[in-house]
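Here's the letter readout for the chains.
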Amino acid sequence: MIVELLIGLCLLGSVVLFVAPSRYAGRLAAGWSLLPLALSLFMYAGFSGQGNAFLGGQLAYETTVQWVSLGPYTLNWHVGLDGISMPLIALSTVLTTAAILSAWTPIEDRENQFYGLVLFLEASLVGVFAALDFFVWFVFWEAVLVPMYFLIAIWGGPRRKYAAIKFFVYTNVASLVMFIGFFALIFGLGDSIGSLDMPAIAQALRAGELGSLAGVGPATLKTLAFAAMFAGFAVKVPVVPVHTWLPDAHVEAPTPVSVLLAGVLLKMGTYALLRFNFTMLADVAQRYAAIIALFAVVSVIYGALLALAQQDLKRIVAYSSVSSMGYVILGLVAYTVYGVGGATFQMLSHGLISGLLFACVGVIYNTTHTRMVDDMSGMAARMPVTTSMFVAGAFAYMGLPLTSGFLGEYFVFLGTFHADFPGAAWFTAIAMFGIVIVAGYLLYAMQRTLFGPFGVATDHGDGGAVRTDGGEDADSGAEHDIKRAAAHDVVPLAMLLALVIVLGVAPEISFGMIRDAVAPLLTGGAG
Amino acid sequence: MVATITAFAFEVAPAIAILPLASFVIALFAGKYLPKRGALAGIAATGGSLLLSLWVALTVAGGATYNEEIYSLVTTPNTFDLHFGLLLDPLSALMLVIVSLVSFLVHLFSLGYMNDEGEAGLPRYYAGLGLFSFSMLAFVFADNLFMSFVFFELVGLCSWLLIGHWYREDAPPSAAKKAFLVTRFGDYFFLVGVVAIFATFGTTVFAGPESFPTLAEEALAGSGGAGGGAGGLSTFGFGPGAWFTILGFLVLGGVIGKSAQFPLHTWLPDAMEGPTPVSALIHAATMVAAGVYLVARMYGFYALSPTTLAVIAFVGGFTALFAASMAVVKRDIKQVLAYSTISQYGYMMLGLGAGGYVAAVFHLMTHAFFKALLFLGAGAVIIAMHHRQDMWEMGGLKERLPIPYYAFLSGSLALAGIFPFAGFWSKDEILFEALVHGIGGSPLLLGGYLMGLTAVVFTGFYTFRMVLLTFHGEPRTHTARNPHDLGWSVKTPLAVLGILAATAGFVNMVPVGTILGLERIELLHGWLDHGISGLTVEHYGELTHDFAGYTTGALAGSEVLTVLLSAGISLALALAGAGLAWMLYSGPNPEAHTERLGDVRTLLMNNYYQDEYQVWIAETFGTGVARLSDRFDQSIVDGAVNGVSEVSLLSGDRIRRIQTGIVSNYATLLTLGLVVLLLTVGLAGGWFL
Amino acid sequence: MAVAVQYYLLLSAAMFCIGLLGILTRRNALFLLMSVELMLNAANINLVAFSLQYGNLTGQVFSLFVTALAAAEVALGIGILLVLYRNFGDVDITKATTLRW
Amino acid sequence: MVAIPYEAIAFGLFALLTVASSLGVVLVEDVWHASLLLGVALLSVAIHYVMLRAEFLAAIQVLVYVGGVLVLITFAVMLVRQVPDEEGSGREVA
Amino acid sequence: MAVGSSVLPTPVLQTAPPVGDWVALAPVLLLGLTALVLFVIDSIDPDDASGGGALAGTAAVGTLLALVAAIALLVAGIGQGQGGALRLYGDQLVVDGMALFFTVIFTSVATLVIVASYDYLRDRVYQAEYYVLMLLATTGMALMASAGSLATVFISLELASLPSYALVAFLKDNRGSVEAGIKYFLIGALSSAIFAYGISLVYGATGQLGLEAIARSLSGGTQLVGILGVGVLMVAGGFAFKTASVPFHFWAPEAYEGAPAPVSAFLSSASKAAGFAVAIRVFAVAFSPQAVVASVDWTLAFWLLAAVTMTLGNFAAATQDKVKRMLAYSSVGHAGYVLIGLAALNSGQNGLVLGASMIHLLVYGFMNTGAFLFIALAEYWEVGRTFEDYNGLGTQAPIACVAMSVFMFSLAGLPIGGGFMSKYFILVGAVGTGHFLLAALLLINSALSLYYYSRVVRSLWFEEPADSLDIEGYPFGLYGAVVGAAVVTFLLLPGIFLVSDAAISAASALFV
C-alpha cells in the first residue's frame, strides 16, 4: 500500500494547495513535498525487489486489486516497483521538491494553483513509473499532460499558448499512435490474455504466444506494433525528427516546470520504450537495432548541433536534452548490461543534471530577465554561487568524470560498443562525438554569459539593447539590481549537484538495483 | 618483481592524491576565512604529498611495487569492471615525486605571485590548484586506462578553471574554453579508445598478466598468420595487428590534445592567459605532461605497433621543429615559453616513438624541472615588471633581480641543451635513440631525428634571445628600471629548481656511461628497469625489437663514435643557435631583427595560421552546420509539424463551409447523402443485379 | 385486388419524389410544409396498399398515426413559420442565415 | 368477354391526377394556387384509399387534411403574404 | 398521450410480467404525469408568483423520481436476466435493461437541464410551456427506448421531436433561436417523412411493424430485397437525423447554437441518446444482423456514417469561433464515435461494442450536458459567445471553470473523466471486432478534438480577461447543475465499473 500512500500524499497535497491561500502556498508546497520525498527515499532504502518487474521478478511494494471487467478483459489496479522504476520514482520526488523551491522566486501569481498542479504532476509521474497494468499506466501517462499543459500555458513565457498547445496535442497524438500499436498486440494475443497486466503481456509476448490479427501474421504484427509504439514514445523522449515540441515547450515554460519537463517527463518516454518496446518486443528491437541506433545517433549529433546554433540559454539546454536522450536510446538498443543499465542510469543522471541546469538558468533569469546569450556577460561577478553551480552542472552535462553525467554516458558507450547489432562500434563512436559538441556549446554559452566584463542588456522593446555596464564594484543602475540569489534558490541547486556527484562517485547506489532489474531482460529474450 | 610484502608506504599512498583534494575542499568552502585564503592548506597538502611520494619512491627503490584495486565504482558480474586502483612502480613513483614537487613549489610561489599582489578570488585559485594536483597525482598512479581517462578529464577541467581564473576579462575565459575544447577533441578519440579497449580486452589494467598490453602481446604472438579474432579477443573485423594500431591511434588522440602536439597544439599558447604559476604547473608537471606520461604508461601496448610508433615519432619531431620556429619571433616572454613547451614535448614524443622510453621519461623529468623554473622565473619577472610581459619593455634586469636571473639562466641553459645542464643529457639521449634506431633499419625515424636536430638550433636561438632581451642590455622602460621587489616565496622555488635544472641530468649520463663503459651511471635506466614485469625497460626493448623491428644501429659500426657524434652535433647546433642570438641581441640596446624575415615573420607571428584554419574549420563544420541544422529544423522539421496542423485547420475550415446556413442546401446534401448511401449499400448487397 | 400493389408503390414513389423535389427547389417555407405533406401521404399510400396486400390492418392503423402526426407537424410548423416571419419579415428560408459555418 | 379493367383505368386516371396536382403543388409560383392544388392532391389520395378498401381512412383523410391542414395552410398564406415575395406572382391577397 | 393505448387490432397474447405494467413503465408514467401536473400548476397560477420556482421544482422532482425509478428498476433486474425483456401491450413496448439504461440517461440529463433552466429562464414568460415541452420530450425519449414496434418508434420519435422544435424556437424574439427552430423543423419534417416512407417500405417488404415480428418475417429471407433495403436505409436516415449524424446533421450546429443553451444541452445529450437507443433496438432486433446483413448491409451504411460523421464533426469543430457552435460540431463528432457500436454489429462481440456505445452515451450525457450548461451560465452572465469572450473567466468563476475544464478534457478523452473510459471502451470494441480503420479514425479525431477542446480551457485560464468582463451573481441552479455534472463525469472515471457491466449485459441481452 505504500505506493498508493505515495500517490495519495501527492494528490492530497495537490488538493490542499488548491484551497490554501496563495501567500503560504510556496512554503506549504515545499514542506508538503518533503513528505513524498522522504517516503520515496524510505522506500528506496528498504527496497527489496529482485529482477525485472515485467519478467517475473520479485516486486517491491506490490498491490493488485480488480477494477473493471470489460468483455474478456479485466482491468486491475496493479502497481509495484523493480530496480528500474524505483530510482525513477525517487528522481521524480527529488526533482519535484527542487522545482517547488526554485519556483518560489519566479512564480508570483496564483501560487496555490501552481503548486497544486505540480503536486498533481508528481502523483501522475509516480503513477506512471509504478503502474503495472496497462490501463492504470495509461491513465497516469495521460494525466501527466494535463497539469503540464496548464503549467506551461498559464505561467509560461510570451508564446506560452502556442507552446502549450503544441506540446499537448503533439504528445497526445503520440500517445494515440502508441496506443494503437499496443492494442494490436493485445488483440493479437487474443484469449490467452485476460487482462491488461503488462508483466503478463510481456511474458506472453516473449513466449511467442502472439497470434495473427486481421490477416496479419505475428511477425509482421510485432514489427508494426513495435513501430507504432516506438513512434509514440519517440515523441516523448524526444527523438529526432519528432522533437520540435520540446524546445518550444522548454523555452516558454517557467523554469521550475522546465526542471520537471526535462528532468522527469522525458524519462517517461525512455522508460516506456524500455518497458514496452525493448522488453515486450525484444526480438524486434534486436532485429532492427541498427535502424534504432541510427535514430539515436542522429538525435545525439543533430540535437547537439542544434544546441550549438541557439542563443537562448534554455533552448540550448533543451536541445541538448534531445542529444542526451539519444544516448539513452542507444544504450537501450545494445542489449548489454552496461547498455540498458547505463541507459537507465543516464535517465537518472540526465534528470538531475538537466534539472540543475534549468534551475540555474532560472535563477539567472529571475534577476536579469533575459536568457539570451548576447544580452548578458560576466554574471559570475554578481552571482558567484549560482555561477559555480551552473559551471558544475555544465561540466557534469559534458560528462566530466566523477559526476553522474560521465558514468551515464560511459556506461552506454561501454555497453553499445560491443553490442551485437551490425555497426555497433561505428554508431557508438559517432555518438561519442556528441561529447565534443556538448562541450562546445556549453562552454561557449558560459564564456559569453558568465564571464568577461559584467553587463546586462535591457529595454528590448525600444529598438537596440542598452547595455548596463557596471564597474568591478560599483552597483549598476537601480532598475538592474543584480542581487545574489536567495538561499531558497540555491538550495535546490546544491541538492541536485550533490546528488550528481554522489551518483558519479558511488554509482552502485542505484546502478546496483538497475543492473539487477536489467539482467533478466538480456537473457531468453527473443520469442 | 611483484612485491610480496606490501609496504606501509603503499597503504597510505592514496593520501598522496587525497591530501590535495582535501585542500581543494578546504579552500573552496573555508578559503575566505583562512589567513592566506587557502594557500597554506595547499602548501601543507602538497608538501605532504611530496613527502609521501618520496617515501613511496624509496619503497619502490627497495624493489617493492604495488598494483591493487582500491575502490570499485561498479562491480558487475560477467562484464567489465570499473574500478580505481593503485599502480606504484618506478615510473609512477618518479612521476609522483616530480608532480608533487612542482605542485608544492607552485603553491609556494603563488604566495608571492597571487597573495602578495592582492588578487581576488584566491580561494577559488587555491581550490583549483588543489584539484589540479589531486587529479594529476591520481592520474599518475592509476592502474587502469579507465581511471586514467577519468583523471585525464579532471585535469582538463582544472586547466579550464585556472586558465580562466581572471574571468572578468575577455581573453582568459576564451582561452580556457579553447584549451578545454581542443583537448576535449583529442579526448574524444581517447574515449573511443578506452571503450574500444574495454570491448576488445575486457579490461584496461596496465600491469599484470591480465593487463591489456599483455593480452595484446599474447594475441599478436599467438595469431601467427591465421588472422581473425586472436586469442578469443574481438577485433571488430580487423586483423589484430591493425586493430591494435587503431586502438593505439585512438588513445593517441587524447595524448596529442593534452600534450599539445601538432595539430592540436593551438590551445597552449592561448593558455598563457592564466596566472603564471598555473602555466608552470600545467606545462611542467601536470596537464601537458599527462599525455606523454600516458604513452609511457602504456608503452607496452604501443611497442606492439610499428605504425603507431612511427607516427608518434614523426608527430613529435615535427612538433618540436614547428613550435620552436614559432617561438623565435614572439615578443611576450610567456609566449616564447609556451612554444618551447610544445617543442619540448615534441621531443618527448619523438623519444617515445623512436623506442627511447627511458630517454623520453628522462626528458619528461628534466623538462619538468627546467620548464617549471623558467615559468616561475618568468613569473618573477612579471611580478617585478608589474605584470608586463613584453620582452621589449624589459632589459637589464640582471642586476636588479640576481637570483631570478641565475636561476633563469640555469633553466635556459638546460632548455637550450647546453652541456652539462639537465636538458642536454635528456635531449641528447632522445636524439641518439632516434638516430640509432633510424640507422638500425627504421629510416623513417631519421626524418624525426633530422627535424629534432634542426629544432635544436631554434631552441638555442629563442632561449637566448629571451634571456638577452629580458635580463641583459639596458632597461628599456621605466618599469624595467624600477622593478618590484620579490619575496622569499618567489625566490625559494627558483633556487630549488635552478639547482635541479643544473643537476638533474646527472642521473642518466648515457654518453658518459657509454664512453666510459659505466653502465651503473645510467641511474634512471636502472630505475626504470626494475619493478613489475612487463613494465620494464628491458621488456619494452624486446617488444620494440620483436614487433616494431627496431634494431640498434651505429655510425661506422662504433657505438662510442655514434654517441659522441650525436652528442657533439646537437651541442654544436645548440651553441650555434645561442651564438646567433648573442650576435643579434646582445649589447645595451638590441634591435628587433624580425623585420628582416619579411613574409616569414608574418607567417611565424601568425603561428602558420594554425588558429585561423582551425577556427575556420570549427566555424564551418561546427557553427555553420549548426546554423544550417537549425534552419532546417525550424523550417522543414518543425514546418512539417505545423504544416499538419495548418492543413487540418484549413480542411476544417473548408469542411465547415459546407454549412452554408441555407436550409435548402442542407436538404439537398441530405438527399444526396442518402442516395450515395443507398447506392453504396445497394451495390454491396447486389440489389441492382 | 385489381390493381397490383407495385403500381401503388410506383405512385407513392412518384409522390415522394415530387415532394422531395419541392423541398429541394422551393424557398418559401410554406411550399416546404406542403411538400412534406405530399411525402407523408406517399408513405400513407404505401401503408394502405400493403395493408390490403397482406390482409392485416397494421398498415392502415399506422397511416392514421402518420396522418395525425402530419397534422400536428403542420400546426407546429406554421407556428414556427409565423415567428420566423415576424423576426425576418419573410418566409423565404434562404434569408434566415444568421447561423452558419 | 374481356373484362374492362375499370379499376385499373380509374387508378390510372386518379394516379395521373395525383401526380399532376402534386407536381403542381411544387411547381406553381403562387402559394395560394399551390395550396389549392395540394387540396386536390390530398383528395385524390383519399380516392385511392377508397379503392384500397380503406374507406374510413379516406374519410379521415378528407377531414384531417382538407379540413384541418389545408385550412391551417390557407391561414398561414393569408398571414404571410402581405408583402410580395419574389416567388409569388405578386397578387395581393387580403 | 400515446402511452396507454394499444394500437393494433390484432389480439396478441400478453406475456405475464412479474410486475404490473405500470411498475415497469413507472419512469415513463412519472414523466408524463409531471407534464400534466405542470399544466395544472400553470393554469392555477399563471403568473407564477415564485418566479418559476414551483414549476422548475416540480419538473425537477418529476424527472428525479423518474430517474430514481429507472435506477431502482435497473437494480432490481426488471426485464433483465433470465426472465428476458418485459413485453407490454402486444409487444408495442419493451422494458428491458437497455430501455432502463437509456431512461437513466434521459432523466439524468433532463434533471440537470431543468435545474439549470430555473436560473436561465428567470424573468421570462411561458415558463410552464417550456417545462411541459421538455418533460413531454423526455417522455417521448423514454418511450423511444422502450419502443417495441415501428409504430411506437415513429410515434415516440415524433413525440420527442415536436416539443424539441418548439423548444429550440423558444426565444421567439431572438432571431437565432427562431432561425434555428425553422431549420431544425424543416430538416426534421423532411427526415420524418423519409422515416415514415422507410417504415412503409419495410412494412411493404415484411407485412409487419412489430420489431420481433419483422425479425421473424425476415428470418426466412425475403424476395423484396430492394424494397426492404431502401426502407431500412430510410429508417436509418430517420435515426441519423435524431442522432445528428452526417448527412442528417445539418440542423444540429444551427439548432444547438441558436437554441437556449439548456435546450441545446438537452437536445445534444438526451435527444441524441434517444436516437441511438431506438436505432440500436430497431437494428439489433428487427433487422438483426444475422438475417439481413447478407443482402442489406446496413452495417456498411453505419460504417460510412460513423467515419464521415466523426471526421466531419471534428474537423468542422476545430475551426469554430463560437464555443457553443464548436460544442455543437463536437457533438456531431461524438455521434460518429457512438455509431461505431452500430457499425461493428456484424461481428461476434455485439454486446461489447454496443455496450461501449451505451456507456459512452451515458458519460456523454453528463459531460456534454455539463458543457452546454456552462454555456448557459455564460449566456446568463452575458459574456458573449466566442472563445475570446471567455478569456479569463477562470479568475472570475474558478469553480465553474474547473468543471468546464473537466468536461472538455473528458470529452477529448483524457483521463480526467469518464469520457476517457468510454472512448476507450469504444476503441476496444472497434479493434476487437476488427474495425481498425474506424479505430484509427477515432484516434485521429480524438487527437484533433484535443486541439479545439483545449482552446476553451486555454481561454478560460490562460488568456487575460477583457476589461469589460464582469460577472454578476452565481446562480445556484446553474452552478449546481454544472458542478453536479462535473462531479459525476469525474467519478465515472474510477467508477465506470458501476455502469459498464449493466450496459454490456443490457446490450448483450438484445442478441440472445
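All values reported here derive from a predicted model rather than from experimental measurement.

It is not clear to me how the packing of helix 2 (residues 29–54) of chain C against helix 3 (residues 58–88) of chain C should be interpreted in this structure. Could you clarify?
How two helices sit against one another is set out by the angle between their axes and by the gap between those axes. All names here are of chain C. One can describe the packing of helix 2 onto helix 3 by two numbers: an axis separation of 8 Å at closest approach and a directional angle of 175°. By the criterion of interaxial angle, the relationship of helix 2 to helix 3 is roughly antiparallel. When grouped by side-chain class, the residues that make up the contact of helix 2 with helix 3 number 13 nonpolar, eight polar and two charged.

Sorry if this is basic, but what is going on with the interface of chain A and chain B here?
The figure often quoted for interface size is the accessible area lost as the parts come together. The interface is formed by 59 residues belonging to chain A together with 54 residues belonging to chain B. Both faces combined, the contact of chain A with chain B buries some 4800 Å², and carbon together with sulfur accounts for 71% of it. The three residues of chain A that bury the most area against chain B are Tyr338, Tyr410 and Phe417 of chain A, which together make up 12% of that side's buried surface. Put simply, chain A and chain B have one salt bridge between them. Of the charged contacts in the structure, one is a salt bridge between Asp638 of chain B and Lys166 of chain A, with a shortest N-O distance of 2.5 Å. Our count for the contact surface shared by chain A and chain B stands at 15 residue pairs in polar contact (both at pLDDT 80 or more). If one sorts the elements of the side of chain A that touches chain B by residue count, helix 20 (residues 434–450) of chain A sits on top with nine residues. Residues of the side of chain A that touches chain B, tallied by class, amount to 44 nonpolar, nine polar and six charged.

Would you take a moment to explain the nonpolar core for this structure?
Where a protein is soluble and globular, its nonpolar side chains tend to be buried together. By size, the foremost hydrophobic cluster in this structure holds 788 residues, and its most contacted members are Phe134, Trp137 and Met446 of chain A, Tyr357 of chain B together with Phe102, Val282 and Phe287 of chain E. Broken down by element, this core gets its largest block of residues, 22 residues, from helix 16 (residues 357–384) of chain B. If we skip the residues at most four places from it in the chain, Trp137 of chain A touches Val128, Ala131, Met178, Met198, Phe233, Tyr271, Ala272 and Phe276 of chain A.

Looking at this model, I keep getting lost on the pattern of salt bridges. Mind explaining?
Charged atoms that come close allow side chains of opposite charge to pair. For the structure shown, the criterion picks out 31 salt bridges over all chains. Between Glu463 of chain E and Lys161 of chain A there is a salt bridge; the shortest N-O distance is 2.8 Å. Remark: Lys161 of chain A occurs in helix 7 (residues 160–189) and Glu463 of chain E occurs in the loop between helix 19 (436–462) and helix 20 (476–491); the pair is interchain, linking two chains. In this structure, Arg86 of chain C engages Asp173 of chain E in a salt bridge whose closest nitrogen and oxygen atoms are separated by 3.4 Å. With one member in each of two chains, Arg86 of chain C in helix 3 and Asp173 of chain E in the loop between helix 6 (150–168) and helix 7 (175–206) form a pair that bridges those chains. Among the charged side chains, a salt-bridge network with shared partners connects Glu179, Lys183, Glu254, Glu257, Lys322 and Arg325 of chain E.

Quick question: what am I supposed to make of the interface of chain E and chain B here?
The partner chain B presents 24 residues to the 37 residues of chain E that form the contact. The interface formed by chain E and chain B holds zero salt bridges in total. Between the two partners, chain E and chain B, sit eight residue pairs in polar contact (both at pLDDT 80 or more). For the side of chain E that touches chain B, the secondary-structure elements that each account for two or more residues are helix 7, helix 9 (225–242), helix 10 (251–258), helix 13 (298–318), helix 14 (323–343) and helix 19 of chain E. At eight residues, helix 13 of chain E tops the list of elements feeding residues into the side of chain E that touches chain B. In terms of residue class, the side of chain E that touches chain B is built from 24 nonpolar, seven polar and six charged.

How do you make sense of the confidence of the model for chain A when you look at a structure like this?
If pLDDT is low for a region, its predicted coordinates should not be looked at in detail. All names here are of chain A. This prediction gives chain A a mean pLDDT of 85; 93% of its residues lie at or above 70. By mean pLDDT, the top-scoring element of chain A is helix 3 (residues 85–103) (92), and the lowest-scoring one is strand 5 (residues 466–469) (44). Contacts of residues 459–480 to residues separated by more than four positions or lying in other chains number 39 contacts, the stretch itself having pLDDT below 50.

Would you mind showing me how to read helix 3 (residues 53–76) of chain E here?
One full turn of an α-helix is made of 3.6 residues, so residues set three or four places apart face in the same direction. Residue and element names in this part refer to chain E. In this model, helix 3 (24 residues) spans 33 Å end to end at C-alpha, consistent with the 34 Å of a helix rising 1.5 Å per residue. Every buried residue of helix 3 is listed here: Leu55, Ala56, Ala59, Ala60, Gly62, Thr63, Ala66, Leu67, Ala69, Ala70, Leu73 and Leu74. Of the surrounding elements, those touching the buried residues of helix 3 are helix 1 (21–24), helix 2 (26–44), helix 4 (97–120) and helix 5 (127–146). Gly77 sits one or two positions beyond helix 3 and adopts a positive phi of about 80°.

Got a minute to help me understand the packing of aromatic side chains in this structure?
Each aromatic ring pair is described using two quantities: the centre-to-centre distance and the angle formed by the ring planes. Applying the stated rule across the entire model yields 126 aromatic pairs over all chains. Summarising the aromatic geometry, the rings of Tyr149 of chain A and Phe409 of chain E are spaced 6.2 Å apart at their centres and angled 80° between planes, so their arrangement reads as edge-to-face. Here the residue Tyr149 of chain A occupies a position in helix 6 (residues 145–155), and Phe409 of chain E occupies one in helix 17 (residues 398–412), the pair thus bridging two chains. According to the relative accessible area criterion, Tyr149 of chain A is buried, its value standing at 0%. The interplanar angle of 85° and the centroid separation of 5.9 Å between the aromatic rings of Trp298 of chain E and Phe302 of chain E together place this pair among those described as edge-to-face. Here Trp298 of chain E and its partner Phe302 of chain E are both found in helix 13, four residues apart, which amounts to about one turn of the helix. On the basis of relative accessibility, which here comes to 0%, the residue Trp298 of chain E falls in the buried class. Among the residues examined, Phe302 of chain E registers a relative accessible area of 3% and is labelled buried. Above the plane of the ring of Trp141 of chain A lies Lys236 of chain A, whose end atom (NZ or CZ) is 4.6 Å from the centre. Against the face of Phe31 of chain C rests Arg26 of chain C, its NZ or CZ located 3.8 Å from the ring centre.

Conventions we followed
Residues numbered from 1 in each chain as written. Chains lettered and ligands numbered in written order. Predicted model: local features only at pLDDT ≥ 70, side-chain atom pairs only at ≥ 80, totals over all residues. Heavy atoms only, no water. Axes fitted to C-alpha atoms, helices over the stretch in contact; angles between N-to-C directions. Helix = DSSP H or I, 4+ residues; strand = E, 2+ residues; numbered from the N terminus. Parallel < 35°, antiparallel > 145°, perpendicular 65-115°, else oblique. Nonpolar A, V, L, I, M, F, W, Y, C, P; charged D, E, K, R; others polar. Contact = heavy atoms within 4.5 Å. Buried area = accessible area lost by both parts, 1.4 Å probe. Salt bridge = Lys/Arg side-chain N within 4 Å of Asp/Glu carboxyl O. Polar contact = N/O pair within 3.5 Å; in protein donor to acceptor, adjacent residues only side chain to side chain. Core = buried A, V, L, I, M, F, W, Y, C linked by side-chain atoms within 4.5 Å. Buried < 20%, exposed > 50% of the residue type's maximum accessible area, 1.4 Å probe, protein only. pLDDT = per-residue confidence, 0-100. Expected span 1.5 Å × (residues − 1). Phe/Tyr/Trp six-rings, centres within 6.5 Å; stacked < 30°, edge-to-face > 60°. Lys NZ or Arg CZ within 6 Å of the ring centre and 35° of its normal.

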